[in-house]
Amino acid sequence: MELHELADALAVRVEELCAQLLPAGRRIGTQWIVGNVFGDAGDSCYVELTGPKQGLWYDHAAGEGGDLLALVAQNQTLPIGRAAAWARQFLGIRDDYQPTQRQFDPLKFGHRADASQPYRYGTAAWPYHNPDGTIHAYVVRFDLPDGSKDVRPLRLLPPDNQLPDPLNPRHWRWKGWPNPDPVPLFNLHLLSRRPNDPVLIVEGEKTAVAASKLFPSHVVITWQGGSKRVQRAALDPLLDRATPVILWPDNDKPGRDAMVYLKARLPAARVVNLPATLPDGWDLADPIPPDVSIQGLLDAAGDLPRPVPAQPVPASQNPLDDLHYDPNSGQWWTRNSWGDYAQINGERVRTLFTESGVSPTKDQTGASDVDRELLRRTRDTRIRYAGCVAGHRAGLYGNILVTESVAPLPAVPGDSARIQTYLHNLLDQNDDQYWRLIFWLALRRRAVLTNTWRASQALALVGPAACGKSFVQAAVITRLLGGRIAKPYRYMSGATEFNGDLFSSEHLCISDEAPGRDIHSRRSLGSHIKSMLFDIDQSCHPKNRQAVTLRPIWAMSISLNDEPENLQVLPPLDPSLLDKLIILRCVRHVLPWPGPEIEVLREIIDTELPAFAHYLDGLTVPETLVEPRCGLKAYQHPAILEELMQLSPEHQLIGLIDTVIFENEFLTWRGTAADLETILRDSKYSREADRLFRFNTACGVYLARLHEQDPERIKKTKTNGKVKWAISPPKKTDAWS
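Residues numbered from 1 in each chain as written. Predicted model: local features only at pLDDT ≥ 70, side-chain atom pairs only at ≥ 80, totals over all residues. Heavy atoms only, no water.

(A) Broad picture of the nonpolar core. The biggest cluster of nonpolar side chains holds 98 residues, and the ones touching the most others in it are Ile201, Trp223, Trp248 and Phe612. The dominant element in this core, judged by the number of residues it contributes, is helix α13 (residues 431–450), at eleven residues. For Ile201, the residues in contact, after removing those within four places along its chain, are Ile221, Trp223, Leu238, Val245, Ile246, Leu247, Trp248, Met259, Leu262 and Leu266. Counting residues in each nonpolar core, the second largest holds 40 residues, with Tyr491, Trp554, Met556 and Leu581 among its members. (Core = buried A, V, L, I, M, F, W, Y, C linked by side-chain atoms within 4.5 Å. Buried < 20%, exposed > 50% of the residue type's maximum accessible area, 1.4 Å probe, protein only. Helix = DSSP H or I, 4+ residues; strand = E, 2+ residues; numbered from the N terminus. Contact = heavy atoms within 4.5 Å.)

In C-alpha cells, the structure reads:
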C-alpha cells in the first residue's frame, strides 16, 4: 500500500485519530485545534476534519504542515516507514492488503463562497474529458434548501510549475472559463472514439446523459454553461466532421435561440422541430409524453425555414395585355422573351397590333382599328412610372410598371468556409461584429428575395486603407443582392436634388467619394439615412421628370478609412441615429491561403459565393439579437463610437467652453445660449466658434445634447418662457492618475 494511500485512509478517520493522538485538542467548526503536533494544549495547530482539505494539518507556530501520516510520524517521533506501520495497525490493515485504485470524487470536494460559510457538497457531477479520455473538469450540481439549484465548474488547475495530479486536492479549483475563452464540449472524447456515428447536440449535461440512453447510436454532446455561453462553445471538432449533426433544442426561447446560433455555426446541421403540445421548458431528460415519438422527431429533423423567392407577375398569353404606354417618356413597353419589359417605338407597336389580329385597314373615316387602339391606350393609360424599382420583379403593380426583375444570386448548397473565414478575419475575429454582418446580409438578402420591404440600418465598415472594405461592398454585398449598385452620396449630402438613378439598384454604396466633412453635409447624410431606410414610401425624382412615389427595397453600406478626418463623414451620432447604424471596425489580415491576394479572393468569391448565399438563406436571427423594426439590433464598435463622440459638435462646444469660460474661472457659469454664443464669438477663439455655430440655434441645440449626456454638469431651467443654462466647471483630475 502506497504512503499516499495510507494518508487518504487515515483522513477518512481523521477525528478518531485526532482524539487519540491529540487529546488536549477540541473540535471547533470543521477543524481540530490543539497547541502542537505533540498534543499539548493551545490553539496553534489546526487539523482539517471535512471539506476539500480533509486530513491536512498546519502548525502556525512551527511553520510546518502536511498529511496525517506526517502527523503520526512527528507525534510518535518515528521515521516515515515505522509511522506507516503504526498507521496500518491503527487502521487494521493486513500486510497483504491490496487497495482499490484511488479516484477523485468531485461530490466529496466541498465548495464554499468564503471562509465564513460552511462547505456544501454536490448532488451530481458530470466529467469533461480531453480528447484522449483524461478528465480535466467536472460540472457539479448543488441542490439548495430553497429548491433551486446551483451549478459550478470544478477544474484541474495545478499551481504554476507543477504537473497536474488528478488525485491531489490542491490541484482542483472551483473556477470557470473566463470570457472570452471558449467553453469545452461534454463527451468530447467520444467524437474521436466513434468517428462514424452521427452527432446529437443538446443543451445541458443532464439532458446529454438522458439522450445518450434514448439514442445510443448517436454521440450526444453539449457545451458547458447552457444557452448563455453557446457563442463560446468550442465547436472546432465538428466543423470538418462528415457524419450528420442534429440539433435538439429545449422547448423554450433560450433553448431555441441556442440552436439557431449553432445552426449558423454548423450550416449542414439539421434542427429538430418540437411539437407545440410539449410543456414549456421540456427537454429529453423529462418524461416523454405518450403522444410524442422522439425517434420520429429525430428522423424528421431538417433545415430551418428558408425564404420563398417572390415570382414576377406572369406574362399573359395575349401579348397585347403586356403592352403599356408610358406618358412620361412617350415610349411603349412590352414583354421580352425573358420576362422583363423592352421599349418599342410607334411603328413596332403597330406591327405588334397587326400580328395580334388587330386590323390595320383604314375605313371610310380614314382610321384603322390599329389607330383606334393606339388612341385608346395613350388616352386611357394609368402608368405613372415605368422603369426599374429596387427589390421588385417585373410586372404591373397598380400604376407602377416595373420593367426589369431583380435577380439575386442563386443559392447553391456547398462549402463557404473560406468566405466566412475571410469576413471573420476582416472584422478582427470579433464575434459581436461578425454575426452582426452575417445577419445583416441574411436579412437584406431575404428582403430582396421575397420582395418584402423592411427597415434596415446602414452598414458602415471602418478600417485602414486596402483592408478589404470596398471589396466586401462590391464583390459580396452587391452580388448577393443581384448585382445592381448605385452611388447615393451626392443626393444624400444635398449636392443634388435628383435621385432617379438610385431606384434601379438594391445596393446603395458609399465608397471612394470625395465626401463633405462639414456639419451640414453630415447632418444631411444622417437625415437621409433615416428617411431612405426607415420610410417605406420614397420620392423618386429623375432629372427633367415629375417626382413619383415608389417603394424600393434598399440596402445601404458605407466604407471609409479610420483616420479621424474620414470618420467625420459619418453623421453626428445623436440618440435618434444610434439605432439606425451598424458600425464595424475592420483590420488588415494576411490571407491564410497561398497566392496573389486579389486572385485568391476572386477565386473564393467565384467558387463559394453561391454556397454562402445558401448559408445565409438558412439563417434565423437569434432572439437575443432581434429588434422588432429592423429585425437586428444596432451595433457600434466601442472604439469607433468613442472617437465619433469626440468629433461631435457638442463635444467641440464643451471643449471650447472649458477653454474660454473656465480657463481661470472655477464658479458655475449661468446665462442663455445667446449669452454663451456671444462670449465665445468675442473670444480669441472666435474662428472656432464661427465654424461651430453654423445656424441660428446651434448653441442651444448643442447645449441640449450636452444636458442629455451629462445633466449634472449642464443644467437647464426655464423661467418666464426663457431657457437658461447653468454650466459647472470641469472636474479637476490628478495629473498622476
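There's more to say after this.
(B) Local environment of the pairing of strand β12 (residues 219–223). Across the five residues of β12, five count as buried, placing the element largely inside the fold. Burial along β12 is two-sided: the residues Val219, Ile221 and Trp223 and Val220 and Thr222 are all buried. Bridge count between strand β10 (residues 185–186) and β12: two bridges; the pairing is antiparallel. Note on β12: the bridge partner recorded for Phe186 is Thr222. By the bridge criterion, three bridges tie strand β11 (residues 199–201) to β12 in an arrangement that is parallel. Bridge pairing links Val199 to Val219 in β12. Remark: the β11/helix α6 (residues 205–214)/β12 crossover connection has right-handed handedness. (Pairing = 2+ DSSP bridges. Right-handed = clockwise from strand over helix to strand, strands pointing away.)

(C) Structural detail: the pairing of strand β8 (residues 149–156). When strand β7 (residues 135–143) meets β8, the two strands line up antiparallel, connected through seven bridges. Considered in β8, the bridge of Ala137 is made with Arg155. Here β7 folds back onto β8 in antiparallel fashion, the turn holding five residues, of which Gly147 has a positive phi close to 95°.

(D) Structural context of the confidence of the model for the chain. Looking at the chain, pLDDT values average 90 and 97% of them are 70 or higher. Long-range and interchain partners of residues 733–737, a stretch whose pLDDT sits below 50, account for zero contacts in this model, where long-range means more than four residues apart. (pLDDT = per-residue confidence, 0-100.)

(E) Spatial organisation of the pattern of salt bridges. Across all of its chains, the model carries 30 salt bridges by this definition. The salt bridge partner of Asp371 is Lys362, with a shortest N-O separation of 3.6 Å. Look at Asp371 and you get buried, because its relative accessible area is 17%. Of the residues examined, Lys362 reaches a relative accessible area of 54% and is grouped as exposed. Measuring nitrogen to oxygen at the nearest pair gives 2.7 Å for the salt bridge that ties Glu608 to Arg418. With Glu608 in helix α19 (residues 597–617) and Arg418 in helix α12 (residues 417–426), this residue pair connects regions lying 190 residues apart in the sequence. Residue Glu608 is classed as buried on the basis of its relative accessible area, which comes to 5%. One connected set of salt bridges, linked through shared partners, spans Arg120, Asp150 and Arg152. (Salt bridge = Lys/Arg side-chain N within 4 Å of Asp/Glu carboxyl O.)

(F) Summary view of the sheet that holds strand β30 (residues 714–719). The sheet built from three strands is open, its strands ordered β29-β31-β30 with antiparallel pairing. In this open sheet, the two edge strands, each paired with only one partner strand, are β29 (669–671) and β30. Across this sheet, the average inter-strand angle for adjacent strands is 15°, counted without regard to direction. Sheet topology places β29 next to strand β31 (residues 722–727); three bridges connect them, and they run antiparallel. Bridge pairing links Trp669 to Ile727 in β31. Relative to the sheet, helix α22 (residues 673–681) contacts β29 and β31, its axis offset from that of β29 by approximately 120°. (Axes fitted to C-alpha atoms, helices over the stretch in contact; angles between N-to-C directions.)

(G) View of the side chain of Thr496. Looking at the secondary structure, you find Thr496 in the loop between α15 (489–492) and β23 (507–510). Residue class for Thr496 comes out buried when judged on its relative accessible area of 18%. Within the structure, the side chain of Thr496 is placed 3.2 Å from the backbone nitrogen of Phe498, a separation counted as a polar contact. Beyond its immediate sequence surroundings of up to four residues, Thr496 is in contact with Arg490 and Tyr491. (Polar contact = N/O pair within 3.5 Å; in protein donor to acceptor, adjacent residues only side chain to side chain.)

(H) Expanded view of the packing of aromatic side chains. This model, assessed by the stated rule, comprises 17 aromatic pairs. With a centroid separation of 6.0 Å and 45° between ring planes, the pair formed by Phe109 and Trp174 is classed as tilted. With Phe109 in the loop between α4 (80–91) and β6 (124–129) and Trp174 in the loop between β9 (172–173) and β10, this pair connects stretches of sequence that are 65 residues apart. Trp174 sits in the partly exposed class, given a relative accessible area of 23%. Considering the side-chain rings of Tyr138 and Trp172, the 5.5 Å spacing of their centres and the 45° angle between planes classify their relative orientation as tilted. A residue pair is termed long-range when its members are at least 10 positions apart, and Tyr138 in strand β7 and Trp172 in strand β9 qualify at 34 residues. Assigned by exposure class, Tyr138 and Trp172 land together as buried. A cation over an aromatic ring shows up here: Arg13 above the ring of Phe90, its NZ or CZ 4.7 Å from the ring centre. Of note, Lys580 hangs over the ring of Phe534, and the distance from its end group to the ring centre comes to 5.2 Å. (Phe/Tyr/Trp six-rings, centres within 6.5 Å; stacked < 30°, edge-to-face > 60°. Lys NZ or Arg CZ within 6 Å of the ring centre and 35° of its normal.)

(I) Layout of the state of the cysteines. In total, this model carries zero disulfides according to the counting rule given. Cysteine Cys586 shares no disulfide, and the gap to the nearest cysteine sulfur, in Cys467, comes to 4.9 Å. When its relative accessible area of 1% is taken as the criterion, Cys586 is described as buried. (Disulfide = S-S within 2.5 Å.)

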